[in-house]
Amino acid sequence: MEGLMRARVQVQEVEQRRERPRDEDLGFGKVFTDHMFLMDYVVGRGWYDPRIVPYGPLALPPGAAVLHYAQTIFEGLKAYATDDGRVLLFRPRENARRLNVSARRLCMPQLDGEDFVEAIRILVDFERRWVPSAEGTSLYIRPLYFATEENLSLKPSATYTFAIILSPVGSYYPRGMSPTRIFVEPEHIRAAPGGVGAAKTGGNYARCLQAEARASELGYDQVLWLDGREKRYVEEVGAMNVFFRIGDTVVTPPLTGTILPGVTRDSVLHLLEEWGVDAQVRRIPLAEIADACEAGGLQEAFGVGTAAVISPIGELRWGDMQLKISAGRTGPLTTRLYETLVGIQRGNLEDRFGWTEEVPRILA
Ligand SMILES: *Cc1c(COP(=O)(O)O)cnc(C)c1O
């Protein structure tokens, strides 16, 4: 399969390659590399025409299904530079698997997992000079996949485009890790039972913007989402999975269909198990967190996801309650998880789980 994909990819190079911004000037997701990967699908023929082309606007008719009914999904992962000049991917097969779970939920065709990883390898190799190397920086990889059929009737599209774009991103913590202030959203919900909360699909993020804007106006960094049925149980923080340490036990909510199954979440659970930390995956009433905080048992709280890796939570605002966590500092387990994951991703720590894989030199 690998060879097949490699042989089929057509390359159209830009005339003039652009300058890469200096590592210290990088933000998140605003600068894109010179090229992107595209591939099309039509029912009856399957996937065809894999290609690397100059990064730029896509021609999409205003009648394209994605613009109306949001039949669209995406992924997010990173390529990391090692000190000895290699480029590593972190668990890309998990993203391939998740993309196909999202695709099934939105009635979109499956994409071969090896083709997905191979397309990433080929594009990242081609854009290798865009991988930043300063501490905390990486090349963010955004695969996206959407319905292109020109048809306003509500049915699964017969045609699709799969694209991969790349963005060199700066350190999430240019001034060191600092705990975030979180607003518990009392009214809106991110996902509901039977919905699409477990799929990485556009509508899940658009629906969150208003609550996030309100929290931001009040001076908070992110929203904590509660379950859609009773608004009692903790689900996610911003677009991250969430963990709490109460005493010596770590808790995180289960994947019951309303929570996005994060690769970082799964990696954290593996590390906790390896370290012998008692980790419980179970429903967590927010009242339990508030009680633990007031009794002095809530030691740490953090969000986890590819962009930030680990994001410490220093404060939760729930109605009139102002819950302070870790005295506004980053806790020891939060720090250890961050340093371990980043160490493995950057090739500085032994990768006992076989999570990383090197991007081979293919086209150069
Ligand atoms: C992508 C995402 C996550 C984190 O997933 P990772 O694979 O760890 O990056 C968590 N929650 C939501 C809502 C997400 O979209």
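Remember, it's a predicted structure, so these values are computed and weren't measured experimentally.

Participant: What is the right way to read the site of the ligand from this model?
Facilitator: As a structural note, the neighbourhood of the ligand is formed by 14 residues, with Lys200, Tyr205, Glu236, Thr264 and Thr306 the closest of them. Out of a free accessible area of 370 Å², the ligand has 95% covered by protein chains. Judged by the fraction of its atoms near the pocket grid, the ligand is located in the largest pocket. For the shell around the ligand, the elements supplying multiple residues, two or more each, are β12 (240-246) and α7 (263-274). Partitioned by chemical class, the residues of the shell around the ligand number five nonpolar, five polar and four charged.

Participant: What is the right way to read the layout of surface pockets from this model?
Facilitator: Where empty space is left can be seen by rolling a probe of water-molecule size over the atoms. Here the largest pocket is characterised by a volume of approximately 770 Å³. Contributing to the lining of the largest pocket are 33 residues, with Lys200, Tyr205, Ala239, Met240 and Ala307 lying nearest its centre. Ranked by residue count, the leading element in the lining of the largest pocket is helix α6 (residues 209-217), at three residues. Partitioning the lining of the largest pocket into residue classes produces 17 nonpolar, nine polar and seven charged. Counting contributing residues per domain, the lining of the largest pocket is built from domain 1 (4-170 + 354-358) and domain 2 (180-330), each supplying no fewer than three. Of the voids in this model, the second largest pocket is the one considered here, and its volume is about 310 Å³. Surrounding the second largest pocket, 15 residues form its lining, Glu135, Gly136, Tyr338, Glu339 and Val342 being those nearest its centre. Top element by residues in the lining of the second largest pocket is helix α9 (residues 332-345). It accounts for five residues. Residue composition of the lining of the second largest pocket, by class: five nonpolar, six polar and four charged.

Participant: Would you explain empty space enclosed by the protein in this entry?
Facilitator: Per the counting criterion, the structure on display carries two cavities of 30 Å³ or more. In this structure, the largest cavity spans a volume of roughly 140 Å³. Taken together, 16 residues line the largest cavity, and the ones lying closest to its centre are Lys78, Gly136, Val309, Tyr338 and Val342. Among the secondary structure elements, those contributing two or more residues to the lining of the largest cavity are β5 (77-81) and α9. The element best represented in the lining of the largest cavity is α9, accounting for three residues. Tallied by class, the residues present in the lining of the largest cavity amount to eight nonpolar, six polar and two charged.

Participant: What is the right way to read the packing of aromatic side chains from this model?
Facilitator: Aromatic ring pairs: the centre-centre distance and the angle between the two ring planes describe each pair. For the structure on display, the rule yields 15 aromatic pairs. Ring geometry for tyrosine 41 against tryptophan 47: centres 5.1 Å apart, planes inclined by 65°, an arrangement best described as edge-to-face. Each ring, one from phenylalanine 183 and one from tyrosine 220, has its centre 5.4 Å from the other, and the planes form 50°; the classification is tilted. On the criterion of sequence distance, the pair formed by phenylalanine 183 in strand β9 (residues 180-184) and tyrosine 220 in the loop between α6 and β10 (222-226) is long-range, its members being 37 residues apart. Assigned by exposure class, phenylalanine 183 and tyrosine 220 land together as buried. Taken together, the ring pairs in this structure connect Phe37, Tyr41, Trp47, Phe116, Tyr145, Tyr160 and Phe162 into an aromatic cluster. Here the guanidinium or amino end of arginine 17 rests over the ring plane of phenylalanine 126, the centre of that ring lying 5.1 Å away. Here arginine 336 stacks its cationic end above the ring of tryptophan 275, 3.7 Å away from the centre of that ring.

Participant: Can you walk me through the environment of glycine 136 in this structure?
Facilitator: Following the sequence through the fold, glycine 136 ends up in the loop between α4 (113-126) and β7 (138-147). Residue glycine 136 is classed as partly exposed on the basis of its relative accessible area of 29%. Distance in space between the C-alpha atoms of glycine 136 and alanine 147 is 35 Å, their sequence separation being 11 residues. Excluding anything up to four places from it in sequence, glycine 136 contacts Gly170, Ser171, Tyr172 and Arg346.

What counts as what
Residues numbered from 1 in each chain as written. Predicted model: local features only at pLDDT ≥ 70, side-chain atom pairs only at ≥ 80, totals over all residues. Heavy atoms only, no water. Near = heavy atom within 4 Å. Areas by Shrake-Rupley, 256 points an atom, 1.4 Å probe, with all protein chains shown as cover. 1 Å grid on protein atoms, 1.4 Å probe; cavity = no way out; pocket = protein on both sides within 12 Å on 5 of 7 lines; lining within 4 Å. Sits in = over half its atoms within 2 Å of the grid points. Helix = DSSP H or I, 4+ residues; strand = E, 2+ residues; numbered from the N terminus. Nonpolar A, V, L, I, M, F, W, Y, C, P; charged D, E, K, R; others polar. Points joined across faces, edges and corners; volume = space filled by probe spheres on them. Domains from an automatic or database assignment. Phe/Tyr/Trp six-rings, centres within 6.5 Å; stacked < 30°, edge-to-face > 60°. Buried < 20%, exposed > 50% of the residue type's maximum accessible area, 1.4 Å probe, protein only. Lys NZ or Arg CZ within 6 Å of the ring centre and 35° of its normal. Contact = heavy atoms within 4.5 Å.

What is shown is where atoms sit, not what they do.
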